[in-house]
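The lines below spell out each chain.
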Amino acid sequence: MSVQRNYEREFVRTFFTSPTAIKEGDDSAKMLRRAAGLRGMQAPDVWIPDNEDATAPNMRAEGAQNIIEVVGEHGADFPGEIHPRIEWHRDRPTTRLNGFEYMREIADPENGAVEHIDGFVIPEVGDIDDWKKADEAFQLVEAEHGLEEGSLSMSVIVESGEAEIALNRIRDEMGKPSNTLERMFMLVDGEVDYTKDMRGMTPTGELPEWPELRHNTSRGASAAGLVAVDGPYDNIRDVDGYKQRMEDNRAKGMTGIWSLTPGQVEVANTAPLPPVTGSWLLDVDGEEVELTADGDTQVYDGDDLSLEETGDGYVLRVGGDEHELSADELREELLDMTSYVPSMDDIVDSMEEFEAAKESGMGAIAMTQAATLVIDGVEVSLEKDRMWDEATYQAAQTPITLFQDVYEHRPDQHEELEELYGADVVARATEVGN
Amino acid sequence: MSVQRNYEREFVRTFFTSPTAIKEGDDSAKMLRRAAGLRGMQAPDVWIPDNEDATAPNMRAEGAQNIIEVVGEHGADFPGEIHPRIEWHRDRPTTRLNGFEYMREIADPENGAVEHIDGFVIPEVGDIDDWKKADEAFQLVEAEHGLEEGSLSMSVIVESGEAEIALNRIRDEMGKPSNTLERMFMLVDGEVDYTKDMRGMTPTGELPEWPELRHNTSRGASAAGLVAVDGPYDNIRDVDGYKQRMEDNRAKGMTGIWSLTPGQVEVANTAPLPPVTGSWLLDVDGEEVELTADGDTQVYDGDDLSLEETGDGYVLRVGGDEHELSADELREELLDMTSYVPSMDDIVDSMEEFEAAKESGMGAIAMTQAATLVIDGVEVSLEKDRMWDEATYQAAQTPITLFQDVYEHRPDQHEELEELYGADVVARATEVGN
Amino acid sequence: MSVQRNYEREFVRTFFTSPTAIKEGDDSAKMLRRAAGLRGMQAPDVWIPDNEDATAPNMRAEGAQNIIEVVGEHGADFPGEIHPRIEWHRDRPTTRLNGFEYMREIADPENGAVEHIDGFVIPEVGDIDDWKKADEAFQLVEAEHGLEEGSLSMSVIVESGEAEIALNRIRDEMGKPSNTLERMFMLVDGEVDYTKDMRGMTPTGELPEWPELRHNTSRGASAAGLVAVDGPYDNIRDVDGYKQRMEDNRAKGMTGIWSLTPGQVEVANTAPLPPVTGSWLLDVDGEEVELTADGDTQVYDGDDLSLEETGDGYVLRVGGDEHELSADELREELLDMTSYVPSMDDIVDSMEEFEAAKESGMGAIAMTQAATLVIDGVEVSLEKDRMWDEATYQAAQTPITLFQDVYEHRPDQHEELEELYGADVVARATEVGN
């Protein structure tokens, strides 16, 4: 990555929020304590003790004290970064003043928590001038407490039209003499409040998809060397939907996502890593169907496609259309319809192969993926070639760079990663491309 | 809404244009007169006597006089706002000069129309400097005629790439000392000319969908406290298509749309209001099917899904896939497949319930929607829970705020609204959330 | 087009790159020589001797000399414009210095190539200040060599988030006293490196579609009077996919596309021109099916729709739904389901007809397209009306303006165009609208 990133993690997979103070039971800090104990794949890359929306307004004073207590006690051992969210609102000075005072208190070195705190999350920001007000709050707190300027990172929740527009301006504003916006770290979408601010409506009350917001957040992050994180996925039971959302996000360059439960954290920590085994996809009438691996073959067992061997060739039926094909034509047709999802092992292999080729002076090589497809019992062997040049290599590198970033910063996940991929693949994946 | 809105209507459902002078018949003002007589659901929120594209260039002098005459006579009784459109073009000073002179004439208090005129619509604007030229024309007219500065609102038609870019800049420019852009009111997309300006082409000549333009218009409106309105829907016969377009627009936060006929006005005045009765949707292979209410049950009568009771459970078939399920598994599966479109009554109920819960100290409550589904004669009872917290409440409030805005400003629609929803629902809907 | 365009071509269909120096064989300039010999539909609108990614870094010094030699010898006869791509990178001053030196050398009049060179392409640009650095390189080279200021056009490859943001600013920056950005010509997307910069990932490694990038590039071009060109389409075998991509691009106002082979050039030179014969589309359950012309009839031969004549009407089945319809209702239904793709001849006809109507004082006329549909052997005659007014006329004009631009600047394609359309249609198409 060429843009200077001013923080340790290059990627954030998971952004996990906990209420800072709840009324039920005797320990109002219960949820904080529970979160502080998470380890491994259930522990998030960044943990957000949430002294804003997740905590009732009249509990936030107590919540700030709970943050101090729990982070002071357990922060040193927590495997992810810690970024409390405080109150803020572009249109309400009293809310901003509250947020400033909470930040001032939480960051007071005498209270013993700030050494474990990486930054603060500012919700409900407005236009770029409002971001500068938040930055000013950081400057005051750091100066008063004798903390190094910029040592506390600032992340924002983008949940208004004016904040979305401000995403275009971060790069220009960072580094101007009167701000210290170089402290910026994460750009996080907040679709619930964004929908309210934009006055978006859907018949069922579900949130709109807001593809342009996510693009603009990702682009703003790319342009300013920051990290883009998508907002909460409310339907906790719907794991497939959550995964699909993350796949869509990754195609936009947005790698991170909010997680509401340790279960969502685990799913979202895993989703952006390459799969353990590769798989074949068949495009049947515009829908991608994953084939079932059976020994050396890849079996299609749906009904929307049929294949029959005739005396002198084949008949392939897709939807209503019937094609009479020779063996070569059939192979061509199926090549066009198939694609391959490479495993971690495949990606590492291809990168190593390309590196060796480059060493020996070649600029581009063909990578081949072979498979035997089975459709209605008929076997067809395919070889899929893909040209790799420097650009392909570098684009393929993104998931590996992500993996290496995880491996470096999350030793608590090493064991689970090795169980998942095998120690050999992990070892090679941490080396390749360096 | 937190951004300051400098005009009375917070929402505009309908933007209805009329030619100001036509050649057929003896009364060139016929269309204006007809429009001025519209009342109730057929009368638009804003009426645009159109002295630009809808009127032949050589008829526009007469058109301006017709505006003066018809608005002077009938403006006091017209139930919506009145915003004539005048000539303007970012690249043609003579067109801008014409537009200025027409505006000067129409707004002359001696002519007796301006007291009923809320503002003017400026088409074909360019970059933000061009918007400032238009604002200058307003300043000159107001000063010359002794009208209060800013009393005439300015709305623009976004129909060029440079105007789309300017949408990002309104918030920054409003309030600068040398302009009075606080007079801004509506941002209206004009897809026909935009397509020409962008040089967009489709095989059939239909307009492209331009989703990004609509997003950017809505976002610009949100950031600057303005109202976003989509352009004309040419296929007047295609009511379903018009409704679908509006549903898409609302998911983007764009509530208003151009209407070309009183029939379209009526459809578009109604579409953003919550439905009279709730309905259930079933997601069958990615397509949302509305179930048919039959007494207390919701019946699926399509062919793409089948359900059968076996001795010890159920068999559910979707597309080619067959699932053997227990009663609990079936309920889970169907819960995932269904969603509920709440009625006005449902929304008001839920809001009242949440307000009561908040009063009694609870921050989040579950709202339950129950239904008995019937598929192939097999009955399955479901209960769908949705957690409501402050954010859900506020997001759900948008259609109610819209309704209240309509109710306050359109007494001529009270009777029709009470016929539609019943007096009780209307009464509660006007009260809730205040 | 109202924005001032500072170059000769208003449209660019094809952007064809050639490596400037390759190692295989004895002539490292072989690919350049081959490209320089292209004529007619296989010759691109702009040819890019590519001294960047297509050429190995250690071959670029030789590549620059090859450009000088081949362009010097064959440039005068080449039918398209010539725009070499040189090295550049927003984050690497040494790369920028290299690029500057290559440009200085290639543009030296003593070397005899620059008189045939229209401009240079600058890859990997960053924010607008980086574009200004590139412009400064042009200024220095022009001044040193005594070339007229602005005589060398500058085109950029947009392949980073910051360059995408800069697309919003070109219009504002052009014409400022200390730059000469009026030299800008093409805005070209580079999705491979953009994906890397945005850290986009897809399961199969295919490039994301990046619809917002393409919209923003097209809009930036529209706002600043430039030409938008999409990036390379790697799957050279997939001609249908390439055509579909171009159709999507045209709906965004992006007319040009990168071509990697003379075969792709030919496809992409043809694709934006109106078809030779018109065709009918039928929308069957959301999918557009092209009907088969058979004499005077248009035949549907798919399985997803069926039509049957009963004693007193018709039964139309679409998907699972069955409709009993009278003859009139059937016609209405089919009218809603059909659309017509006009041929070049149709468009010219309609424009001429509208021009005549306008001459005789009419502002809008109905254009009628008639067809006899055949579904399951049942014949139904339809007449499809479309209202044409000035705006329809101007929007329809885009493909004709494109054709006229091609015809004016590409005499080497006249013969092929006349073979394709017939001399009469070509003659009328070059005249209409002027």
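Quantities reported herein were computed from a predicted structural model and do not represent experimental measurements. (Residues numbered from 1 in each chain as written. Chains lettered and ligands numbered in written order. Predicted model: local features only at pLDDT ≥ 70, side-chain atom pairs only at ≥ 80, totals over all residues. Heavy atoms only, no water.)

> Please explain the side chain of Asn179 of chain A as it appears in this structure.
Residues and elements named next belong to chain A. Within the secondary structure, Asn179 is located in the loop between α6 (170–173) and β6 (184–189). We classify Asn179 as buried; its relative accessible area is 6%. A polar side-chain atom of Asn179 sits 2.9 Å from the main-chain carbonyl oxygen of Glu173. Look past the residues within four positions of Asn179 in its chain and what remains in contact with it is Lys132, Asp135, Gln139, Glu173 and Met174. (Helix = DSSP H or I, 4+ residues; strand = E, 2+ residues; numbered from the N terminus. Buried < 20%, exposed > 50% of the residue type's maximum accessible area, 1.4 Å probe, protein only. Polar contact = N/O pair within 3.5 Å; in protein donor to acceptor, adjacent residues only side chain to side chain. Contact = heavy atoms within 4.5 Å.)

> Would you mind going over the interface of chain A and chain C with me for this structure?
How large an interface is tends to be reported as the accessible area lost when its parts come together. Opposite the 42 residues of chain A that make contact, chain C presents 30 residues. Of the roughly 3,000 Å² buried between chain A and chain C on both sides combined, carbon and sulfur atoms contribute 49%. By the criterion of area lost to chain C, the three top residues of chain A are Arg171, His215 and Arg219 of chain A, representing 18% of everything that side buries. With a shortest N-O distance of 2.4 Å, Glu332 of chain A and Arg237 of chain C are connected by a salt bridge. Mapped onto the side of chain A that touches chain C, the elements with two or more residues apiece are α6, α8 (211–224), α9 (239–251), α11 (327–337), β16 (338–341) and α13 (390–409) of chain A. By residue number, the principal contributor to the side of chain A that touches chain C is α8 of chain A, which donates seven residues. Looking at the side of chain A that touches chain C residue by residue, the classes come out as 18 nonpolar, 11 polar and 13 charged. (Buried area = accessible area lost by both parts, 1.4 Å probe. Salt bridge = Lys/Arg side-chain N within 4 Å of Asp/Glu carboxyl O. Nonpolar A, V, L, I, M, F, W, Y, C, P; charged D, E, K, R; others polar.)

> Could you clarify how one ought to interpret the UniProt feature "domain: HpcH/HpaI aldolase/citrate lyase" (unreviewed entry) in chain A in this entry?
UniProt tags residues 96–256 of chain A as "domain: HpcH/HpaI aldolase/citrate lyase" (unreviewed entry). Structurally, residues 96–256 of chain A comprises 45% helix and 13% strand, and the distance from its first C-alpha atom to its last is 27 Å. (UniProt positions renumbered as here; feature names shortened; annotations may be inferred.)

> When you look at the interface of chain C and chain B in this model, what are you seeing that I'm missing?
Each partner contributes residues to the interface: chain C has 42 residues there, and chain B has 30 residues. Carbon and sulfur atoms supply 50% of the area buried between chain C and chain B, which totals about 3,000 Å² over both sides. Linking chain C to chain B there are eight salt bridges. The partner of Arg169 of chain B in a salt bridge is Asp172 of chain C, with the nearest N and O atoms 2.6 Å apart. Linking chain C with chain B are 15 residue pairs in polar contact (both at pLDDT 80 or more), by the criterion used here. Of the residues that constitute the side of chain C that touches chain B, the class distribution is 18 nonpolar, 11 polar and 13 charged.

> Please explain helix α10 (residues 262–270) of chain A as it appears in this structure.
An α-helix turns once per 3.6 residues; consequently, residues spaced three or four apart project the same way. Every buried residue of α10 of chain A is listed here: Gln264, Val265, Val267, Ala268 and Asn269 of chain A. Where α10 of chain A is buried, its residues contact β1 (14–19), α9 and β8 (256–259) of chain A.

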